[in-house]
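So you can see what is in the structure, the chains are spelled out below.
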Amino acid sequence: MTTTLIFDVANVIVDWDPVRVLSGVIADEAIEVFLESEVFWELNARCDAGMPLAEAVVEMDDQAPHLTDTYRLYIERFPLSVSGPVPGTAEVIRELLAAGVPCFGLSNWAKENFNVARRANPVIDELADVIVSGEVGLAKPDPEIFHYALRRFGLEADAAVMIDDTQVNLDSAAGVGLGTVLFTSAEQLRGDLARLQLL
């Protein structure tokens, strides 16, 4: 029986879009090249798993020097990537908390700028506990971060549901034994939670 929920943060609780960081500052074509770069997404994943941003800049300069200036700009202007709350999610979380449903957070995010998410949606600090991947050196979809979350939160896998907007993360969570809900909107989430008899 599901008794506990674990929420992803990016594009579940706060709206994150890297395009906003660079839009209007560099040409659209340059933005496209940057965000289609495998190196950018590899470094993004490594920062999520704990690599300091300063080291990521050095790595970018080594692997794709033509993108280094854009990457520095991305890091400097990162707060612009988060526009604010995902509509409706905070209200759902607060209803769950009011009903006595324990709610936690598990986010892939660099430790150095997670404060951006916290400012964008204060409901994050109302969760019982939040694991930031960059702080613990593990990141989704590595199954070990789900094992770590269960230990830290004091949960049994079959009593918890992971809510995430990325299917590969949910597939990994399911492999560890957690229930899963693919997030597309707060309205959809509300319906799924009603079916789980949590709302």
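About the cut-offs
- Throughout, a residue's number is its position along its own chain's written sequence, starting from 1.
- Given that the model is predicted, a residue must reach a pLDDT of at least 70 before its local features are reported, and side-chain atom pairs must reach 80 or more before they are shown or counted; all residues, however, enter totals for whole chains, interfaces and linings.
- As a rule here, side-chain values cover all heavy atoms of the structure and leave hydrogens and water aside.
- For salt bridges, the criterion is a side-chain nitrogen of Lys or Arg within 4 Å of an Asp or Glu carboxyl oxygen.
- By the criteria applied, helices consist of DSSP H or I runs no shorter than four residues and strands consist of E runs no shorter than two, each listed in order from the N terminus.
- The rule is simple: take the accessible area with a 1.4 Å probe, protein chains only, and divide by the maximum for that residue type; under 20% is buried, over 50% is exposed, in between is partly exposed.
- What counts as an axis is a line fitted to C-alpha atoms, over the stretch in contact for a helix, and the angles between N-to-C directions run from 0 to 180 degrees.
- Angular relationships are summarised with four words: roughly parallel below 35 degrees, roughly antiparallel beyond 145, roughly perpendicular across 65 to 115, and oblique for the angles in between.
- Each crossing gets its hand from how the near helix is turned against the far one by less than a right angle, where anticlockwise is left-handed and clockwise is right-handed.
- Pairs of residues are marked as contacts when any of their non-hydrogen atoms sit within 4.5 Å.
- Here, strands pair whenever DSSP counts at least two bridges between them.

Enquirer: Pulling in residues and values, what's your account of the pattern of salt bridges?
Expert: Side-chain pairs of opposite charge can arise whenever the charged atoms involved come near each other. Inspection of every chain in the model, using the stated rule, returns twelve salt bridges. The residue arginine 46 makes a salt bridge to glutamate 42 at a minimum N-O spacing of 3.6 Å. With arginine 46 and glutamate 42 both in helix H3 (residues 38–48) and four residues apart, this pair spans about one turn of that helix. The class of arginine 46 is partly exposed, set by a relative accessible area of 32%. Arginine 151 is the salt-bridge partner of glutamate 144, the closest N and O atoms lying 3.2 Å from each other.

Enquirer: Outline the packing of helix H4 (residues 53–63) against helix H5 (residues 68–76), supporting the account with residue identities and numerical values.
Expert: Running from amino to carboxyl end, H4 crosses H5 at an angle of 160°, the nearest separation of the two axes being 9 Å. It follows from the interaxial angle that H4 and H5 lie roughly antiparallel. Seen from above, H4 lies across H5 with right-handed handedness. Here H4 contributes Leu53, Ala56, Val57, Met60 and Asp61 to the contact with H5, which in turn contributes Thr68, Tyr71, Arg72 and Ile75.

Enquirer: Outline the pairing of strand S6 (residues 160–164), listing residues and values.
Expert: By the criterion of burial, S6 is predominantly enclosed, with five of the five residues buried. Of the two faces of S6, the one lined by Ala160, Met162 and Asp164 and the one lined by Val161 and Ile163 are each fully buried. Both strand S1 (residues 4–7) and S6 contribute to a ladder of four bridges, which runs parallel. Of the residues in S6, the one forming a bridge with leucine 5 is valine 161. One ladder, built from four bridges, connects S6 with strand S7 (residues 179–182); its direction is parallel. Bridged to isoleucine 163 within S7 is valine 181.

Enquirer: Account for the side chain of asparagine 169, with residues named and values stated.
Expert: If you trace the backbone, asparagine 169 turns up in helix H10 (residues 167–176). Judged by its relative accessible area of 7%, asparagine 169 falls in the buried class. Ignoring sequence-local partners within four residues, the contact set of asparagine 169 consists of Lys140, Pro141, Phe146 and Asp164.

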